[in-house]
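Chains, contacts and geometry: an overview
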Amino acid sequence: MDCPVNDFPILSKHKDAYQVILDGVKGGAKEKRLAAQFIPKFFKHFPELADSAINAQLDLCEDEDVSIRRQAIKELPQFATGDNLPRVADILTQLLQSDDSAEFNLVNNALLSIFKMDAKGTLGGLFSQILQGEDIVRERAIKFLSTKLKTLPEEVMTKEVEEFILTESKKVLEDVTGEEFVLFMKILSGLKSLQTVSGRQQLVELVAEQADLEQTFNPSDTDCVDRLLQCTRQAVPLFSKNVHSTKFVTYFCEHVLPNLSSLTTLVEGLDIQLEVLKLLAEMSSFCGDMEKLESNLKKLFDKLLEYMPLPPEEAENGENAGNEEPKLQFSYVECLLYSFHQLGRKLPDFLTAKLNAEKLKDFKIRLQYFARGLQVYIRQLRLALQGKTGEALKTEENKIKVVALKITNNINVLIKDLFHIPPSYKSTVTLSWKPVQKTDVSQKRASEDTTSSSPPKKASAGPKRDARQIYNPPSGKYSSNLGSFSYEQRGGFRGGRGRGWGGRGNRSRGRIY
């Protein structure tokens, strides 16, 4: 074709010559390489051959020769004009299934380039494949959105574009796996328009819908339990003094706590009961007005009593009458006591006006027994950690002791509050698995904490004078699995995508451009 590229009148007369280029895709390697270069180069000048040109380029995208495929993919954005852009986006999304790393990177770059031309059009192609495409395409399209959207500039990610993402995401969330749900929450929570209080409230409502808090809770159904945990984990970072956790806290108190001992999970090594109590504790700080506050506080109180043992009976000579020392499960008690302390602020006369005198007396005996064990254990831990700094504190054993000390300090502060007459709910502590935050001196005394809660080995007994020879502290229990659960566990949500919830149906393989 001997004519200048920009000479439009001449080019428009060479339709037959362009058709020859299109037919080159059926030739040998040299003809295909030339076709991969020239089909997109002259594409805009032959609108009547647009469909044929795109289809020819797609044939090259599936060629056996990797160099031809890569060249054809690299040039695809040149076809993304006008009404063709959503189709090109759809095609590129399907090409994300490539296992060739160089091809895969070319597809990613091509998608990003057309994103900057027309974000909504590109999203239309991506969401079309997420909703209707093969599983591998769907999976990679979702991961593309979760990793690439945050890299796009504000002039591309306009409010209108973000609203489109939210609308389309809601359609997808009607049928997702647990992992997909986590990725979509990552996508949506990163949108600028959802950073506001109303935006976060909207996200909480989305999570609550996924959690299906209206359903009957079945503690023996692992999918039901895992779905609730995964949804709650996504909701927890969204809660604040303006975005309340009331609906979730109510559900946990009414349906989950009474069934705590019956909970089951397929996640190996996960202390499911402690996981639930940790989530409840984190949410309790942001609970708003609750309809059945007294009833739910009673359920929480009853569960706390299960982990606050009475002291063993003593024989006449003052020695243990033969009963085993009860085990103090510090990690569980920290969660339950913290939750009770937070909700108790909303009904401060619960212990004095809502319990009869015998129950209150029983509770104080349990608190006193637990507090005595705490004091001895705290002294032993402090003695074991005394003088250790820097690298010495980084050993696994000492990390465990540091966490154990912070858990026990937290419990100690909360128990002191409840021993006030009347009980007080003023102290502030940071849950042991939460990062340390800068606070004032009074809060530091309440024992700030670090990031895990692994089971400490029982501290060796300190000097006899510390134990005072009048109290043999019960053994403590901490979970070795705190923080070990993957937030992207596979699990079925709504309609049954993923393992254990039914498949999405068989889809044809091959090109469906």
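Before any of the text, the structure's been laid out above.
Below: a short report on this structure.

What counts, and at which threshold
- Residue positions are counted from 1 within each chain, in the order its sequence is given.
- Confidence filtering applies because this is a predicted model: local features only for residues at pLDDT of at least 70, side-chain atom pairs given and counted only at 80 or more, and all residues used for totals across whole chains, interfaces and linings.
- The side-chain numbers reported here are obtained from all heavy atoms of the structure, hydrogens and water having been left aside.
- To form a nonpolar core, buried Ala, Val, Leu, Ile, Met, Phe, Trp, Tyr and Cys residues must be joined to one another through side-chain atoms within 4.5 Å.
- Residue exposure (1.4 Å probe, protein chains only): buried if accessible area is under 20% of the type maximum, exposed if over 50%, otherwise partly exposed.
- Comment: elements are numbered from the N terminus, with helices defined as DSSP H or I runs of at least four residues and strands as E runs of at least two.
- Residue contacts follow a heavy-atom distance rule, with two residues in contact if any of their heavy atoms lie within 4.5 Å.
- Axes here refer to lines fitted to C-alpha atoms; in helices the fit is confined to the stretch in contact. Angles between the N-to-C directions go from 0 to 180 degrees.
- Here the angle decides the label: under 35 degrees means roughly parallel, over 145 means roughly antiparallel, 65 to 115 means roughly perpendicular, and every other value means oblique.
- Left-handed describes a crossing whose near helix is turned anticlockwise from the far helix through less than a right angle; right-handed describes the clockwise counterpart.
- Each helix should span, by expectation, one fewer than its residue count multiplied by 1.5 Å.
- In this analysis, rings of Phe, Tyr and Trp, with Trp reduced to its six-membered ring, are considered paired at centre separations within 6.5 Å, and the interplanar angle assigns stacked below 30 degrees, edge-to-face beyond 60, and tilted for intermediate values.
- Residues are sorted three ways: Asp, Glu, Lys and Arg are charged, Ala, Val, Leu, Ile, Met, Phe, Trp, Tyr, Cys and Pro are nonpolar, and all the rest, Gly among them, are polar.

**A word on the nonpolar core**
Residues Tyr-18, Ile-39, Ile-165, Phe-248, Phe-340 and Leu-351 are the most contacted members of the largest nonpolar core, which totals 151 residues. By residue number, the principal contributor to this core is helix α19 (residues 357-385), which donates 11 residues. Setting aside chain neighbours within four positions, we find Ile-39 in contact with Tyr-18, Ile-21, Leu-22, Val-25, Ala-53, Ala-56, Gln-57, Leu-60 and Phe-79.

**Details of the packing of helix α9 (residues 135-148) against helix α11 (residues 178-189)**
Closest axis-to-axis distance for the α9/α11 pair is 9 Å, and the angle between their directions is 25 degrees. Comparing the axis directions of α9 and α11 gives the class roughly parallel. Crossing geometry of α9 relative to α11 is assigned as left-handed. Note on element contacts: α11 touches α9 through Glu-179, Glu-180, Leu-183, Phe-184, Lys-186 and Ile-187, opposite Arg-138, Ile-142, Lys-143, Leu-145 and Ser-146.

**Notes on helix α17 (residues 330-344)**
Relative to the 21 Å expected for 15 residues at 1.5 Å per residue, α17 spans 20 Å between its end C-alpha atoms, a close match to the ideal helical length. Taking burial as the measure, the 15 residues of α17 include 15 buried ones, the bulk of the element.

**Section: the environment of Leu-393**
On the secondary structure map, Leu-393 appears in the loop between α19 and α20 (396-419). Apart from residues no more than four positions distant in its own chain, Leu-393 is found in contact with Leu-385, Lys-388, Asn-398, Lys-399 and Val-402.

**A closer look at helix α15 (residues 272-284)**
The first and last C-alpha atoms of α15 sit 18 Å apart over 13 residues, in line with the 18 Å expected at 1.5 Å per residue. Counting buried positions along α15 gives 13 out of 13 residues, so the element sits mostly inside the fold.

**So, the packing of aromatic side chains**
Tallying each qualifying case throughout the model produces 14 aromatic pairs. Between Phe-301 and Phe-350, the aromatic rings sit 5.8 Å apart at their centres with planes inclined by 70 degrees, giving edge-to-face as the arrangement. Residue Phe-301 is located in helix α16 (residues 293-306), and its partner Phe-350 is located in helix α18 (residues 350-354); the two are separated by 49 residues in the primary sequence. A residue is classified by how much of its surface remains accessible, and Phe-350, at 1% relative accessible area, is buried. Relative to Tyr-377, the ring of Phe-330 lies with its centre 5.5 Å away and its plane at 5 degrees, an arrangement referred to as stacked. Of this pair, Phe-330 sits in helix α17 while Tyr-377 sits in helix α19; the two residues are 47 residues apart in sequence, bridging distant segments of the chain. This pair shows no difference in class: Phe-330 is buried, exactly as Tyr-377 is.

**Description of the packing of helix α4 (residues 50-61) against helix α5 (residues 66-75)**
At a closest axis distance of 7 Å, the pairing of α4 and α5 adopts a crossing angle of 140 degrees. By the angle between their directions, the pair α4 and α5 is classed as oblique. Between α4 and α5, the contacting residues are Gln-57, Leu-60 and Cys-61 on the first element and Ile-68, Arg-69, Ala-72, Ile-73 and Glu-75 on the second. Residues of the contact of α4 with α5, tallied by class, amount to five nonpolar, one polar and two charged.

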